[in-house]
Amino acid sequence: MEDLYYTIRQPSSEILFKEKKSKFFGYAYPISTEDEIKSLLEKIQKKHPTANHICYAWQLGIEPVSYRAYDDGEPTNTAGMPIYGQIQSFGVTNVLVIVARVFGGTKLGTGGLIAAYRHAAKMSLEGTKIIQKTLKEYIKLSFQYENINIIMRTIKQQKVTIHSQQLDLACELVISVRKNDAAEVRRLFKAIKGVGVFST
């Protein structure tokens, strides 16, 4: 179903992969917005001040997907894209994978770099739990208090989640519902006289 996707439950533990004395430290993080990425990168930079390259890839969303792969000075497409390839291979989204490399004095060559970054990313994603989630849509309902009983009854019947509520003479609720069910839930609430149904 198009409203199902896979992501990771929690950040992975730090992994270490060694190749010809170079050390590759890998991390996987669940993310929900692009704004979270900068602080996570800064955290790794502070943790590994001697790292020569801090490469990463991330993906957000399903329809549409947004992503970025970053080589941080490594030869083009030898770090970021191999990391991103593992995100795709594991079939996850809303994920950031970072690999910090401390150079060991021996060049690995293009093939060696690709293999090392790919393996570190794979180990990072293997070090966390992959979970299934559903895409949600948020709907705002506005109505007079006299409609509260039928509104609450419909919410219970449709098994939707209330995220915020303001109950007064004029009431406002924000609910979330599975994307696949959103059209039907909107239709049910619009059929109740005096109820305003809005996207948030």
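All figures in this text were calculated on a predicted structure; none of them were measured in a lab.

Take the packing of helix α4 (residues 148–158) against helix α5 (residues 182–190) next. Contact geometry for α4 and α5: axes closest at 11 Å, N-to-C directions at 160 degrees. Classified by the interaxial angle, the pair formed by α4 and α5 is roughly antiparallel. The way α4 lies across α5 gives a crossing that is right-handed. Touching I151, T154, I155 and Q158 of α4 are V185, L188 and F189, all from α5.

This part takes up the sheet that holds strand β10 (residues 170–178). Pairing within the open sheet is antiparallel, and its 4 strands lie in the order β9-β10-β8-β11. Across the chains shown, the open sheet's two edge strands, defined by having one partner strand only, are β9 (161–166) and β11 (196–199). Recorded for the sheet is a direction-independent mean angle of 20 degrees between the axes of neighbouring strands. Where β9 and β10 come together, 5 bridges link them in antiparallel fashion. The partner of S164 across the bridge, within β10, is V174. Docked against the sheet, α5 engages β8 (136–144), β10 and β11, running at close to 5 degrees with respect to β8.

Turning our attention to the pairing of strand β2 (residues 15–19). Two strands pair when backbone bridges link them, and β2 and strand β3 (residues 22–30) are joined in this way by 5 bridges, in the antiparallel orientation. Its bridge partner lying in β3, K18 is registered against K23. Count of turn residues in the β2/β3 antiparallel hairpin: 2 residues, of which K20 carries a positive phi of about 50 degrees.

Analysis parameters
- Residues numbered from 1 in each chain as written.
- Predicted model: local features only at pLDDT ≥ 70, side-chain atom pairs only at ≥ 80, totals over all residues.
- Heavy atoms only, no water.
- Axes fitted to C-alpha atoms, helices over the stretch in contact; angles between N-to-C directions.
- Helix = DSSP H or I, 4+ residues; strand = E, 2+ residues; numbered from the N terminus.
- Parallel < 35°, antiparallel > 145°, perpendicular 65-115°, else oblique.
- Left-handed = near helix turned anticlockwise from the far one by under 90°.
- Contact = heavy atoms within 4.5 Å.
- Pairing = 2+ DSSP bridges.

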